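# Structure assessment
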Amino acid sequence: MTSPDILTKYSAGAQDELRRVTECFPFRISSYYRNLIRFSGDPIWRQAVPDLRELEDLEGLEDPLAEEALSPVPNLVHRYPNRVLWLISHECAMYCRFCTRKRRWEKPLPFTDEHFKGALDYIGGNRNVKDVLLSGGDPLLLPLSRLENILAALRKIPHVEIIRIGSRIPCVDPGRITPELAAMLSRYHPLFMNLHFNHPWEITPQSRKACTLLADAGIPLGSQTVLLRDVNDQPEVLGELFQQLLSLRVRPYYLLQMDLTRGTSHFRTPVATGLKIIHALRNRISGLAMPHFVIDLPGGQGKIPLSPNYVQEINRSFIVFKDYRGERCEYPLLEGEEGELRRWLVA
Ligand SMILES: *Cc1c(COP(=O)(O)O)cnc(C)c1O
Ligand code: SF4
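Residues numbered from 1 in each chain as written. Chains lettered and ligands numbered in written order. Predicted model: local features only at pLDDT ≥ 70, side-chain atom pairs only at ≥ 80, totals over all residues. Heavy atoms only, no water.

We count it as follows: UniProt positions are given in the numbering used here, feature names are shortened, and annotations may be inferred rather than shown by experiment.
Going by the annotation in an unreviewed UniProt entry, the name recorded for the protein is Lysine 2,3-aminomutase, with Desulforhabdus amnigena given as the source organism. Among the UniProt annotations of the protein, the heading Sequence similarities (unreviewed entry) holds the following wording: "Belongs to the radical SAM superfamily. KamA family."

Below, the structure is given as structure tokens:
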């Protein structure tokens with residue numbers, strides 16, 4: 001699925017340089033996603049086409065979220081007490097240039113039967129694990145029977161209550177979402193899916209159809225959106241995306257600050273950009289369409305939500321807010337609550 005024809009838009013010299021990038025970070029795009037490109041350098045293009053700046057980023061980390069260190073058995077990340085992230089596939093329909101797991105494109109860990117059994121035994125032997133997130137790569141690129149085997153094996157473990165699948169397929173290759181796949185998934189409820197959309201141009205009749213199949217199978221759908229410089233770092237763009245996603249029955253879940261992954265720093269926005277966007281959208285679009293803006297802390301310390309500050313002042317009698325239009329409002333406090341409130345609200 002590599003598409004050299006895209007690179008031919010560059011001069012011969014530039015093509016040579018881009019080849020240097022793809023030797024380090026390979027290029028892959030689905031033909032569907034390629035057709036969403038309207039012009040070179042557009043928001044779809046930037047997500048998919050290699051960029052020389054990928055090689056210039058020397059400060060980024062191989063594994064900013066310390067996923068390897070938090071891995072008790074291969075391909076399984078156990079960061080929070082009650083849930084695990086299980087990487088079950090290393091195939092992707094396209095390689096997103098900003099991907100946090102770029103390190104795995106060139107040297108993926110193998111998925112052997114032994115690893116598979118190791119991960120299942122770990123989950124089965126750990127009664128705290130109530131929620132298993134399947135990710136990758138893309139779990140939906142596994143053969144249907146293999147994915148079903150994994151789901152069936154998880155469902156045999158009584159303490160696993162929730163299964164989640166993270167997938168970019170409905171966005172980057174929606175034709176792969178078939179009625180057979182949706183019917184199979186619906187046999188393993190409660191099963192949630194988190195999709196990954198970053199730009200309103202990714203909402204098409206095809207992605208709409210894919211989401212309809214999944215939602216009609218009773219699967220609650222969420223979206224994780226990565227905040228990307230020169231792709232979607234504008235309130236108008238994200239406001240439209242989030243509102244459109246709701247119309248696909250996809251609930252915006254997280255807006256993610258870029259991780260510090262090597263080869264991706266040209267996508268990184270200042271932290272204030274995310275806060276400004278959340279502030280611009282809050283109360284202007286449906287509350288249902290509002291994701292949490294989160295930073296996934298380096299070193300695997302977890303996701304931290306950030307919210308713009310609406311509090312102007314706290315005194316004995318009032319908390320004073322600036323509302324979403326910038327107007328002042330006083331909310332009366334109970335007697336003696338000031339001290340504790342300050343501990344929760346002030347840095
Ligand atoms: C994001 C993540 C989770 C899930 O976190 P939620 O906030 O519950 O969605 C679990 N484990 C790891 C390693 C993660 O990165
Ligand atoms: S589909 Fe997901 S895992 Fe694959 S390259 Fe894109 S962001 Fe990374």
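## Brief notes about the packing of helix 12 (residues 235-247) against helix 13 (residues 271-281)
For clarity, the cut-off: With axes taken as lines fitted to C-alpha atoms, and helix axes fitted only over the stretch in contact, angles between N-to-C directions fall between 0 and 180 degrees. Starting at the N terminus, helices and strands are each numbered in turn, a helix being any DSSP run of H or I of at least four residues and a strand any DSSP run of E of at least two. When describing relative orientation, an angle under 35 degrees is termed roughly parallel and one over 145 degrees roughly antiparallel, while 65 to 115 degrees is termed roughly perpendicular and anything else oblique. Crossing chirality is assigned from the near helix's rotation relative to the far helix, an anticlockwise turn below a right angle marking it left-handed and a clockwise turn marking it right-handed. In what follows, a contact means two residues having at least one pair of non-hydrogen atoms within 4.5 Å. Gly is placed with the polar residues, together with every amino acid not listed as nonpolar (Ala, Val, Leu, Ile, Met, Phe, Trp, Tyr, Cys and Pro) or charged (Asp, Glu, Lys and Arg).
The N-to-C vectors of helix 12 and helix 13 enclose an angle of 60°; their axes lie 9 Å apart at closest approach. Relative to helix 13, the element helix 12 lies oblique. Crossing hand, helix 12 versus helix 13: right-handed. Here Pro235, Leu238, Gly239 and Phe242 of helix 12 lie close against helix 13, whose contacting residues are Ile277, Ala280 and Leu281. When the residues that make up the contact of helix 12 with helix 13 are grouped by side-chain class, the tally is 6 nonpolar, 1 polar and no charged.

## Here's the deal with the UniProt feature "binding site: [4Fe-4S] cluster" (unreviewed entry) in the protein
Which entries qualify depends on this criterion: Only protein chains enter the accessibility calculation, which uses a 1.4 Å probe; a residue whose area is less than 20% of its type maximum is buried, one above 50% is exposed, and one in between is partly exposed.
UniProt's feature table lists "binding site: [4Fe-4S] cluster" (unreviewed entry) at Cys92, Cys96 and Cys99, given in the numbering used throughout. Tracing the backbone shows Cys96 in the loop between strand 2 (83-87) and helix 6 (103-106). Within the secondary structure, Cys99 is located in the loop between strand 2 and helix 6. Classification of Cys99 as partly exposed rests on a relative accessible area of 21%. Discounting chain neighbours no more than four positions away, the residues touching Cys99 are Trp105, Thr261 and Thr264.

## A few points about the domain arrangement of the protein
Interface size, as often reported, equals the accessible area lost upon joining of the parts. Our working rule: For each domain, the first and last residues come from an automatic or database assignment.
Taken domain by domain, the protein holds domain 1 (56-306) and domain 2 (311-345). Using C-alpha coordinates to define each centre, domain 1 is positioned 36 Å away from domain 2.

## Thoughts on the site of ligand 2
To keep things clear, this is the line we draw: Nearness here has a simple test: a residue counts as near a molecule or strand if at least one of its heavy atoms is within 4 Å of that partner.
Every residue close to ligand 2 is listed here: Cys92, Met94, Tyr95, Cys96, Cys99, Trp105, Gly137, Arg168 and His196. Its residues assigned to classes, the shell around ligand 2 comprises 6 nonpolar, 2 polar and 1 charged.

## Some points on the sheet that holds strand 10 (residues 311-314)
Whenever strands of a sheet pair, they do so through backbone hydrogen bonds, lying parallel or antiparallel. Note the threshold: Any two strands with at least two DSSP-identified bridges between them are counted as paired.
Strand order in this open sheet of 3 strands is 10-11-12, and the pairing throughout is antiparallel. On the outer flanks of this sheet lie strand 10 and strand 12 (328-332), each paired with one strand and no other. Taking each pair of neighbouring strands and ignoring which way they run, the sheet shows an average axis angle of 20°. Where strand 11 (residues 318-322) and strand 12 come together, 5 bridges link them in antiparallel fashion. Following the sheet pairing, Ile319 is matched in strand 12 by Tyr331. Here helix 14 (residues 338-345) sits on the sheet in contact with strand 10 and strand 11, set at roughly 150° to strand 10.

## Remarks on the nonpolar core
What counts, and what does not: What makes a nonpolar core is a set of buried Ala, Val, Leu, Ile, Met, Phe, Trp, Tyr and Cys residues whose side-chain atoms join them at distances within 4.5 Å.
With 83 residues, the main nonpolar core has Tyr33, Trp86, Ile123, Leu134, Leu154, Leu185 and Met193 as its most contacted residues. With 5 residues, the single largest contributor to this core is helix 8 (residues 144-155). Excluding residues that lie within four positions of it along the chain, Ile123 makes contacts with Leu76, Val84, Trp86, Val129, Val132, Leu154, Ile157, His159 and Val160.

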